[in-house]
Amino acid sequence: MSRKRKTYLTIIGGGLLLFVGMLAWSIFGPSRAIVVSQETTFFVEPLTSDGRVDYARHLRELRNEGVTPQNNAAVPIVLATWPGKLELDQQRRLCESLGIDNVPTAGLTEIQDSPRHQQWITEWASAQWQVDLEDAATYDFNPDFYVSDATYYPWRREQIPPLAQWVDDQQPYLDRLHDLEGREYFYWPSKSQLQAKDFPLYEEDSDWPLRLRAAIRGLCLRVNMHIGEGDAASAWSDLKACWLICRIGPRAPSELDLTLRFALEAVVTIRTHYLLSSDHCDEALLTEIADFLQQLPPPTSAVDAADNSSRFASLEGAAYHPAQAIAGLEGQLEGWQKRLTHLPYDRNSTLQRINQSYDDVVAVLKIQDYQQFAAATSFWEEDAHVRFSSWSDKQALLAATLSQSARGVFIADMTYAGWANQGVKWKEKENRCRQEFRLLQVAVAIVQYKTIHGAYPAALDDLADVIEPELTQDLYYSGQPLVYQRRDLGFLLYSVYLGSTDNGGDSLTLDVIDGEWVAGNETGPFIEENLDLVVRYPMPNGLKLEKPLTKQELNHLFMPPAIEMPTAN
């Protein structure tokens, strides 16, 4: 072999070896260090001592800016529901974080957590029905469940004396919740702060959801008692505290914030309807209710949640806790896609893809017109599906195999970028919350009109003197008014909801069909788009205090009858 040929072969062989080495480095080599920039980490400070973006600190500072013990709505809730489920050291850290100097000795005790009140209910019900409900062999009696209707419907002291005693015993703590008035911020320390241990943002939680639920449940029990006894002013006083709990939320709310506050607001909305439907409100009180509702801050924003806490949790997880995301894919992927998760990837590409996804979804969430939002949502979901399914293509998988940058995009699409999709669901809940609140405002105006004129209005146009005309428009059907009809003893008011089609007043909860209350919820293959958001006055009182069934009676009620098999002759 000539020297010249050997030289060529050496060059070619070296080139091939270099190519193979570069290819192997691209596939198996260490990933690129994270670049702190707006395109990747979204913001460049604050940083931890090792140079990482401190998302938790940024979120904490954002939520705590301008907050004092005097303007923080969390403080009266903490004091009223003390000590919650916190350990002693967590209680101390909570008080330090919120600037609470005088630590309370006790707070609200929910009725299911009070053995004393549970015993009173059992003894009272036993006496009412002349049975021994403490006989465990005969009865499986749940005191809290037995009086649970009182959390939904108006009731009177003489109907459930032990529950009235519970209300009296909790009065100091329920009254403390009225201190929410005049406060404009909400800051509650995170799980990391209370436990003095770092947790990823996507694992952050606290005991505040339990506290808020306890506060609303306790106030609503007393609201229902006030309504049942005709004390509209006291009922409204408690309802104001409930509304403030629902509406004074943190900056940069989390998914838990959104879910909980929307659920609580639905409960408070129904209680407010029961007050209005009771016919106990005079003109002055109705004016106060209308003014208060008009001045309430807006509901918790899906845009704020997606563009802040959700985005930060996704970026932090992708940048600094990638192993958890990869582990979560183990049971979801298979074949070559699963193998890709075991190769190094460029986290900068992952972060850029996540930011792109959040930028796109936030633009959709900012659309206020529902029909435009629905069209944009449909496009977004289709695009997200295309992005996700494109990774089943062989060419895309080959690109991800050869390039760490492509693998970074793949990891993003399989994990945290999908979190952005949740923003659409949050916005749908927010839209429903806004529409139900608007229905409540219109209902207040209708009752105001009746109080002044002695009869319900013939049409919503008659309300021009007591409500802004735009509030009578259906958010789900641009340019169209809410549906309103005078009905026997009251009225029917509803939004056409998701389908933008008038379904005749079939409520989402299926307790109103064709605009009339039904004895029991309808069952069947109902589609949400074929239902409406309905208000029907007067509202029925479904309080039931029936004789408890024995275990044997319950078995007969819920167990299907035995089938006798034919015997052979």
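In every chain, residue numbers begin from 1 and rise along the written sequence. With the structure being a predicted model, the display of local features is reserved for residues of pLDDT at least 70 and the display and counting of side-chain atom pairs for 80 or more, all residues being used for whole-chain, interface and lining totals. Hydrogens are left out, water is left out, and the side-chain values use all remaining heavy atoms of the structure.

## Some details on the packing of aromatic side chains
Phase 1 of the analysis: Aromatic contacts are taken between Phe, Tyr and Trp rings whose centres are within 6.5 Å, Trp giving its six-membered ring; a plane angle under 30 degrees counts as stacked, one over 60 as edge-to-face, and the others as tilted. Tallied over the full model, the rule gives 22 aromatic pairs.
Phase 2 of the analysis: Aromatic ring contacts, followed pair by pair, group Phe-42, Phe-43, Tyr-55, Phe-312 and Tyr-320 into a single cluster.
Phase 3 of the analysis: Above the face of the Phe-186 ring, Arg-261 is positioned so that its terminal group lies 4.6 Å from the ring centre.
Phase 4 of the analysis: Here Lys-450 stacks its cationic end above the ring of Tyr-456, 5.5 Å away from the centre of that ring. For a Lys NZ or an Arg CZ to count as sitting over a ring, it must be within 6 Å of the ring centre and within 35 degrees of the ring normal.

## Quick notes on empty space enclosed by the protein
Phase 1 of the analysis: Cavity and pocket criteria rest on a 1 Å grid covering protein atoms alone: a 1.4 Å probe that fits but cannot get out defines a cavity, protein on both sides within 12 Å along at least 5 of 7 lines defines an open pocket, and an atom within 4 Å of a point defines a lining residue. Grid points are joined across faces, edges and corners, and a volume is the space filled by probe spheres set on the points. Evaluation of the coordinates by the stated rule reveals one cavity of 30 Å³ or more.
Phase 2 of the analysis: One number sums up the size of the largest cavity: a volume of about 50 Å³.
Phase 3 of the analysis: Around the largest cavity, the lining residues are Gln-368, Tyr-370, Asn-431, Arg-434, Leu-475 and Tyr-476.
Phase 4 of the analysis: Here the nonpolar group is Ala, Val, Leu, Ile, Met, Phe, Trp, Tyr, Cys and Pro; Asp, Glu, Lys and Arg are the charged ones; every other residue, Gly included, is treated as polar. Considered class by class, the residues forming the lining of the largest cavity number three nonpolar, two polar and one charged.

## Some details on the nonpolar core
Side chains that are nonpolar tend, in soluble globular proteins, to be buried together.
Phase 1 of the analysis: Note on terminology: a nonpolar core comprises buried Ala, Val, Leu, Ile, Met, Phe, Trp, Tyr and Cys residues joined through side-chain atoms within 4.5 Å. When a residue's accessible area, from a 1.4 Å probe over protein chains only, is under 20% of the maximum for its type it is buried; when over 50% it is exposed; and in between it is partly exposed. Ranked by size, the top nonpolar core spans 141 residues in total, and within it Trp-155, Leu-293 and Leu-493 carry the most contacts.
Phase 2 of the analysis: Only DSSP runs of H or I with at least four residues qualify as helices, and only runs of E with at least two residues qualify as strands; both kinds are numbered from the N terminus onward. Ranked by residue count, the leading element in this core is helix H21 (residues 422–453), at 13 residues.
Phase 3 of the analysis: By the convention used here, residues are in contact when the closest approach between their heavy atoms is within 4.5 Å. In this view, Leu-493 contacts Leu-439, Val-442, Ala-443, Ile-446, Leu-460, Leu-482, Val-483, Tyr-484, Leu-533, Val-534 and Val-535; residues no more than four positions away in its chain are not counted.
Phase 4 of the analysis: One finds Leu-343, Tyr-345, Ala-396 and Leu-397 within the second-largest nonpolar core, a separate group that totals 14 residues.

## Focus on the layout of surface pockets
Phase 1 of the analysis: What the second largest pocket holds in volume is close to 660 Å³.
Phase 2 of the analysis: Put simply, the parts of the chain that give the lining of the second largest pocket at least two residues each are helix H2 (55–64), helix H9 (191–195), helix H12 (255–277), helix H14 (302–320) and H21.
Phase 3 of the analysis: In terms of residue count, H2 provides more of the lining of the second largest pocket than any other element does, four residues in total.
Phase 4 of the analysis: For the lining of the second largest pocket, a count of residues per class yields 14 nonpolar, eight polar and seven charged.

## Re a negative patch on the surface
Phase 1 of the analysis: Like charges within 9 Å and nonpolar side chains (Val, Leu, Ile, Met, Phe, Trp, Tyr) within 5 Å are joined into patches, using only residues over 30% in relative accessible area that form no salt bridge. Using the Shrake-Rupley algorithm and a 1.4 Å probe, accessible areas are obtained, with residue cover drawn only from the displayed protein chains. Each reported salt bridge corresponds to a side-chain nitrogen of Lys or Arg within 4 Å of a carboxyl oxygen of Asp or Glu. Under this rule, positive means Lys or Arg and negative means Asp or Glu; His and the chain ends count for nothing. By convention, the charge on Lys lies at NZ, on Arg at CZ, on Asp at CG and on Glu at CD. A surface patch of like charges, here negative, comprises Glu-381, Glu-428, Glu-528 and Glu-529.
Phase 2 of the analysis: With respect to the helices, strands and loops of the structure, Glu-529 is situated in the loop between strand S4 (516–517) and strand S5 (533–537).
Phase 3 of the analysis: Using a relative accessible area of 39% as the deciding quantity, one classes Glu-529 as partly exposed.

## A closer look at a nonpolar patch on the surface
Phase 1 of the analysis: A contiguous nonpolar patch, built from Val-36, Val-44 and Leu-47 and spanning about 210 Å² of accessible area, is present on the exposed surface.
Phase 2 of the analysis: For Leu-47, the location among the structural elements is in the loop between helix H1 (3–28) and H2.
Phase 3 of the analysis: Given the relative accessible area of 41%, Leu-47 is considered partly exposed.

## Brief notes about the environment of Gln-368
Phase 1 of the analysis: Tracing the sequence through the fold places Gln-368 in the loop between helix H17 (347–365) and helix H18 (370–389).
Phase 2 of the analysis: Placed 63 residues apart in sequence, Gln-368 and Asn-431 show a C-alpha to C-alpha distance of 8.9 Å.
Phase 3 of the analysis: Those residues in contact with Gln-368, other than ones at most four positions away along the chain, are Lys-427 and Arg-434.

## A few points about the pairing of strand S1 (residues 483–487)
Here is the key point about a regular strand: its side chains alternate between the two faces of the sheet.
Phase 1 of the analysis: When DSSP finds two or more bridges between a pair of strands, those strands are recorded as paired. The sheet contact formed by S1 and strand S2 (residues 490–495) spans five bridges and is antiparallel. If you follow Arg-487 over to S2, its bridge partner there is Gly-490.
Phase 2 of the analysis: Joining the antiparallel neighbours S1 and S2 is a turn of two residues, in which Leu-489 adopts a positive phi near 65°.

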